[in-house]
Amino acid sequence: ICSCCCLSRRLNQLSSHDPLWKRHCKKYWLISEEEKSQRNQTWKALFISTYSDLGRYIRYYATLKKAWDDLEKYLGQRCPRMIGSLKESVREEDLDAVEAQIGCKLPDDYRCSFRIHNGQKLVVPGLMGSMALSNHYRSEDLLDIDTAAGGFQQRLGLKQCLPLTFCIHTGLSQYMALESVEGRNKYEIFYQCPDQMARNPSAIDMFITGTSYLEWFTSYVNKVVTGGYPIIRDQIFRYVHDKECVATTGDITVSVSTSFLPELSSVHPPHYFFTYRIRIEMSKDALPEKACQLDSRYWRITNAKGDVEEVQGPGVVGEFPIISPGRVYEYTSCTTFSTTSGYMEGYYTFHCLYYKDKFFNVTIPRFHMVCPTFKVSTARMVSADTVETNHNEYAVDEDEDSTDTDEYEDRRRVLDIPAPSGRCPRHT
């Protein structure tokens, strides 16, 4: 339209009509009336000046800017100290310099996000979510562009992969493939998972977390700002709650949320680690004499093959909580499967505090746990003498299939996964 206006007086007049440019400024650049007033420019001048700076990102900018704005607003009300860890935007020349340094092109949606915020400082808690168990803690930072470039991988198994996140405690990162090599799709995002059964040390399996930066980042932000991920002690915990996973028995309601832990899981050998968070709540309208104490638990654990394990024991995580009207009790536990999915269900046994000899069961709803999509390393070396072993590699002893977490300390079977040799630099 700007080119045509040079040939026609009428088009020139139309192209200068501010309401035309106002709509585009708001649609593509999310420029508000207040911002226009502060910059003291016409809508047309605002559009053109913004386009000259961010024009290559016109397909992504509005979506990513809204995601960042929504995230900042949400966290500002719930954990403002995390907002303080965000870095200011970078310049085009900074991104160009990184591309020259690593010898690969960065996708435009990734570049666009860093024109809004340059990741965050290496702090705890991390912007990209946390997870905590009794003996394990993970908190992922969104890396700034320079730190990410410093962790760019060229070694076999992670060739041409750029780290997006980093956990100071575990060394865990989510990587983005900048090229379609070693069985990965271009711009695919994944957690690395060393193949412990392969002879080739560069054999690395992958748990897929996104197909592009835009999809990966905006889907995460949506989970956060809609309350899909709970804020606990000023941290974003990546528990997923199924709204149907709720059971009410009398005045007591039990609900469950779950999470997959890639850093404690493995494809080879098959070992999938899940954690779950259970909320037990008594209605505030219940009568005072309904107060009760949890005595024991019963679990029925079923894997994808249909194998069943039953576990029964006193209390939960070593505690015998008292539940009274309006009170909530929450705890975290975990389980492992040798299959990619499984489910748990069961009940708690309570006794009434006012009527000591009165016992009753409270249903725990069935909740499913499913491993994310994964890819097997193309570098996996299979020789003739291991073909038969590999053919049966998913066969497991029925007694070694899964474990209820409350007995996890006594029956720990978590793999000792070696740390990757190519990590992002650590900062303190």
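- Naming follows an unreviewed UniProt entry, where the chain appears as F-box only protein 3 of Pluvianellus socialis.
- For the chain, the Subunit (unreviewed entry) comment in UniProt is given as "Part of a SCF (SKP1-cullin-F-box) protein ligase complex SCF(FBXO3) consisting of FBXO3, SKP1, CUL1 and RBX1. Interacts with PML, interaction is direct and takes place either alone or within the SCF complex."
- Under Subcellular location (unreviewed entry), UniProt gives the following word-for-word description of the chain: "Nucleus".

### Quick notes on the packing of helix H5 (residues 61-78) against helix H10 (residues 213-225)
Each pair of packed helices can be summarised by the angle the axes make with each other and by the distance between the axes.
Phase 1 of the analysis: Between H5 and H10, the shortest axis-to-axis distance is 10 Å and the interhelical angle comes to 30°. By the angle between their directions, the pair H5 and H10 is classed as roughly parallel. At the point where H5 passes H10, the crossing takes the left-handed sense. Judged by residue contacts, Thr63, Leu64, Ala67, Trp68, Asp70, Leu71, Tyr74 and Leu75 of H5 engage Tyr213, Leu214, Phe217, Thr218, Val221, Val224 and Val225 from H10.
Phase 2 of the analysis: Across the contact of H5 with H10, the residue classes tally to 12 nonpolar, 2 polar and 1 charged.

### Overview of the nonpolar core
Phase 1 of the analysis: Core analysis: the biggest nonpolar cluster contains 53 residues, and Leu75, Leu106, Tyr110, Leu127, Tyr213 and Phe217 have the highest contact counts within it.
Phase 2 of the analysis: Every element with two or more residues in this core is listed here: helix H2 (18-29), helix H4 (43-54), H5, helix H7 (92-102), helix H8 (108-114), helix H9 (145-150) and H10.
Phase 3 of the analysis: Take this core: its biggest share by element is 7 residues, from H5.
Phase 4 of the analysis: Each of domain 1 (9-56) and domain 2 (61-221) contributes no fewer than three residues to this core.
Phase 5 of the analysis: Excluding residues within four positions of it along the chain, Leu75 makes contact with Pro80, Met82, Ile83, Leu127, Val224, Ile231 and Ile236.
Phase 6 of the analysis: By size, the runner-up hydrophobic cluster in this structure holds 36 residues, among which are Tyr191, Tyr272, Ile278 and Ile301.

### Brief notes about the pairing of strand E5 (residues 174-177)
Phase 1 of the analysis: Going residue by residue along E5, you find Gln174 and Met176 tucked away on one face and Tyr175 and Ala177 tucked away on the opposite face as well.
Phase 2 of the analysis: The pairing of strand E3 (residues 161-163) with E5 spans 3 bridges and is classified as antiparallel. Residue pairing in the sheet places Leu162 in a bridge with Met176 of E5.
Phase 3 of the analysis: Summarising the sheet, E5 and strand E6 (residues 189-194) pair through 3 bridges and their orientation is antiparallel. Bridging from a neighbouring strand, Tyr175 pairs with Phe190 of E6.

### Structural notes on H2
Quick reminder: α-helices carry 3.6 residues per turn. Residues three or four places apart thus point the same way.
Phase 1 of the analysis: Its 12 residues place the ends of H2 15 Å apart at the C-alpha level, agreeing with the 16 Å of an ideal helix rising 1.5 Å per residue.
Phase 2 of the analysis: Along H2, the residues that are buried comprise Trp21, His24, Cys25 and Trp29. When H2 is viewed along its axis, its buried side chains cluster within an angular range of 105° and face the same direction.
Phase 3 of the analysis: Summarising the contacts, the buried residues of H2 are in contact with helix H1 (9-15), H4 and H5.

### Let's talk about the pairing of strand E16 (residues 328-337)
Phase 1 of the analysis: With respect to burial, E16 is a largely interior element, 7 of its 10 residues being buried.
Phase 2 of the analysis: Pairing geometry for strand E12 (residues 272-282) and E16, over 10 bridges, is antiparallel. Note on E16: the bridge partner recorded for Phe273 is Thr336.

### Notes on the sheet that holds E6
Phase 1 of the analysis: Across the sheet, which stays open at both edges, the 5 strands sit in the order E3-E5-E6-E7-E19 with antiparallel pairing between neighbours. Only two strands of the sheet have a single partner each, and these edge strands are E3 and strand E19 (374-375).
Phase 2 of the analysis: As paired elements, E6 and strand E7 (residues 204-210) share 6 bridges and run antiparallel to each other. If you follow Gln192 over to E7, its bridge partner there is Met206.
Phase 3 of the analysis: Across the sheet, H10 touches E5, E6 and E7, and the angle it forms with E7 is around 65°.

### As for the environment of Asp242
Phase 1 of the analysis: Structurally, Asp242 can be placed in strand E10 (residues 240-249).
Phase 2 of the analysis: Considering only alpha carbons, one finds Asp242 and Ser257, 15 residues apart in sequence, at a separation of 6.7 Å.
Phase 3 of the analysis: A distance of 3.0 Å separates the side chain of Asp242 from the backbone nitrogen of Glu244, its partner in a polar contact.

How each quantity is defined
Each chain carries its own residue numbering, running from 1 in the direction its sequence is written. This being a predicted model, a pLDDT of at least 70 is required before a residue's local features are given, and a value of 80 or more before pairs of side-chain atoms are given or counted; all residues contribute to the totals for chains, interfaces and linings. Computation of side-chain values: all heavy atoms of the structure, hydrogens and water removed. UniProt positions are given in the numbering used here, feature names are shortened, and annotations may be inferred rather than shown by experiment. Here an angle of 0 to 180 degrees is reported between the N-to-C directions of two axes, which are lines fitted to C-alpha atoms, with helices fitted over the stretch in contact. Helix and strand definitions here come from DSSP, where helices need a minimum of 4 consecutive H or I residues and strands a minimum of 2 consecutive E residues; each element is numbered from the N-terminal end. With respect to orientation, any angle under 35 degrees is reported as roughly parallel, any angle over 145 as roughly antiparallel, any angle of 65 to 115 as roughly perpendicular, and every other angle as oblique. Each crossing is labelled by how the near helix is turned from the far one, with a counterclockwise turn of less than a right angle marking it left-handed and a clockwise turn marking it right-handed. We call two residues contacting when some pair of their heavy atoms lies within 4.5 Å. In this classification, Asp, Glu, Lys and Arg are treated as charged, Ala, Val, Leu, Ile, Met, Phe, Trp, Tyr, Cys and Pro as nonpolar, and every other residue, Gly included, as polar. To form a nonpolar core, buried Ala, Val, Leu, Ile, Met, Phe, Trp, Tyr and Cys residues must be joined to one another through side-chain atoms within 4.5 Å. For every residue, the accessible area obtained with a 1.4 Å probe (protein chains only) is divided by the maximum for its type, and the residue is called buried under 20%, exposed over 50%, and partly exposed between those limits. Domain extents, as shown, originate in an automatic or database domain assignment. Whether two strands pair comes down to DSSP finding at least two bridges between them. Helix span, expected: 1.5 Å multiplied by one less than the number of residues in the helix. Note: the arc covers the axis-to-C-beta directions of the helix. Contacts described as polar in this section are N or O atom pairs within 3.5 Å, which, within protein, must combine one atom able to donate a hydrogen with one able to accept it, while residues neighboring in sequence count only if both atoms come from side chains.

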